[in-house]
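Inside the fold
Residue strings, one per chain:
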Amino acid sequence: EILCYRDLRRRGMLARNETIIKWLLYAGAALLCCLVQGGLQYFTVWGVIPFLYPLAAVIPATYEGPTAGTIFAIVSGILCDLLLPGPIPCIYTLIFPLAALCGGLLSQSLLPAGIFCSLAASAAGFLLLDGFHCVILWANGKAAWEAGGWVMVREFCVTAPFVIPVTLLYRGVYRHTRYDD
């Protein structure tokens, strides 16, 4: 019996290779976002730099769902914690998966995956990240709620225009690698 490509796919024989390629493409898209972030380090608007790392961790979850998106965000968070200096250890490893879980659940229940869903998920990511910073400062006896909230608003507003190209990038990966059985 000769099996065609579709039969092999249905039996799961090609699924592993396709999954590896899919996540390598997602990793490549995240690397592209990191390279753009490296170039944006020299541009300051309203006293903040556009911050693309949360977008690169959260937006894939809007397409792939909460489980796969959260795993991708854990890996992204670990890499960010290893590569970026910060006053709070492991903050990205803790916050990125929570934000990705929010984004994945949001895309499954309220908004279809796309630019508006990515914008909402990114806003949740910034709220969690900067809110956690505020909690840590508050726990150390420093009142930072107003200043931290203002930084969050400025950071999100400066980063929000980048949601569109990052969403289109991840949408391209998703459409190229989805299964049409």
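Structure first, text after, so check above.
Calculation notes
- Residues numbered from 1 in each chain as written.
- Predicted model: local features only at pLDDT ≥ 70, side-chain atom pairs only at ≥ 80, totals over all residues.
- Heavy atoms only, no water.
- Helix = DSSP H or I, 4+ residues; strand = E, 2+ residues; numbered from the N terminus.
- Buried < 20%, exposed > 50% of the residue type's maximum accessible area, 1.4 Å probe, protein only.
- Expected span 1.5 Å × (residues − 1).
- Contact = heavy atoms within 4.5 Å.
- Core = buried A, V, L, I, M, F, W, Y, C linked by side-chain atoms within 4.5 Å.
- Axes fitted to C-alpha atoms, helices over the stretch in contact; angles between N-to-C directions.
- Parallel < 35°, antiparallel > 145°, perpendicular 65-115°, else oblique.
- Left-handed = near helix turned anticlockwise from the far one by under 90°.
- Nonpolar A, V, L, I, M, F, W, Y, C, P; charged D, E, K, R; others polar.

1. A few points about the environment of cysteine 157
In this structure, cysteine 157 sits in helix H7 (residues 145-159). Cysteine 157 sits in the partly exposed class, given a relative accessible area of 39%. Separated by 111 residues in sequence, cysteine 157 and tryptophan 46 have C-alpha atoms that sit 9.5 Å apart.

2. Points about the environment of leucine 168
Mapped onto the elements of the fold, leucine 168 is located in helix H8 (residues 163-177). Considering only alpha carbons, one finds leucine 168 and isoleucine 115, 53 residues apart in sequence, at a separation of 8.0 Å.

3. Details of H7
Taking 1.5 Å per residue, 15 residues should reach 21 Å; H7 reaches 21 Å between its end C-alpha atoms and fits that length. Within H7, burial applies to Gly148, Met152, Arg154, Glu155, Phe156, Val158 and Thr159. The elements touched by buried residues of H7 are helix H3 (53-64), helix H6 (115-139) and H8.

4. Let's talk about unusual backbone geometry
What is expected of a backbone is that most residues other than glycine have negative phi and most peptide bonds are trans. Despite not being glycine, tryptophan 46 has its phi angle at roughly 55°, a positive value. Tracing the backbone through its elements, the reader meets tryptophan 46 in the loop between helix H2 (15-40) and H3. In the Ramachandran plot, cysteine 90 falls in the positive-phi region, its phi being about 65° despite a non-glycine side chain. Tracing the backbone through its elements, the reader meets cysteine 90 in the loop between helix H4 (66-83) and helix H5 (91-109). Residue cysteine 90 is classed as partly exposed on the basis of its relative accessible area, which comes to 45%.

5. Description of the nonpolar core
Judged by nonpolar contacts, the single largest core of 32 residues is most densely connected at Leu55, Ile59, Tyr92, Phe96 and Tyr170. Elements that contribute at least two residues to this core include exactly H2, H3, H4, H5, H6, H7 and H8. Here this core gets 7 residues from one element, more than from any other, and that element is H3. The contact partners of tyrosine 170, leaving out residues within four places of it in the chain, are Tyr26, Ala29, Ala30, Cys33, Leu55, Ala56, Ile59, Pro60, Tyr63 and Phe72.

6. So, the packing of H3 against H6
Here H3 crosses H6 at 130°, and the two axes come no closer than 9 Å. In terms of their interaxial angle, H3 and H6 are classed as oblique. Pair H3 / H6 crosses with right-handed handedness. On H6, the residues that touch Pro54, Leu55, Val58, Ile59 and Thr62 of H3 are Cys117, Ser118, Ala121, Ser122, Phe126 and Leu129. Residues belonging to the contact of H3 with H6 are distributed by class as follows: 8 nonpolar, 3 polar and no charged.

7. What to know about the packing of H3 against H8
In contact at an axis separation of 10 Å, H3 and H8 are set at 45° when each is read in the N-to-C sense. When the axis of H3 is compared with that of H8, the two are oblique. The chirality of how H3 crosses H8 is right-handed. Here H3 contributes Leu55, Ala56, Ile59, Pro60, Tyr63 and Glu64 to the contact with H8, which in turn contributes Val163, Val166, Thr167, Tyr170, Arg171 and Tyr174.

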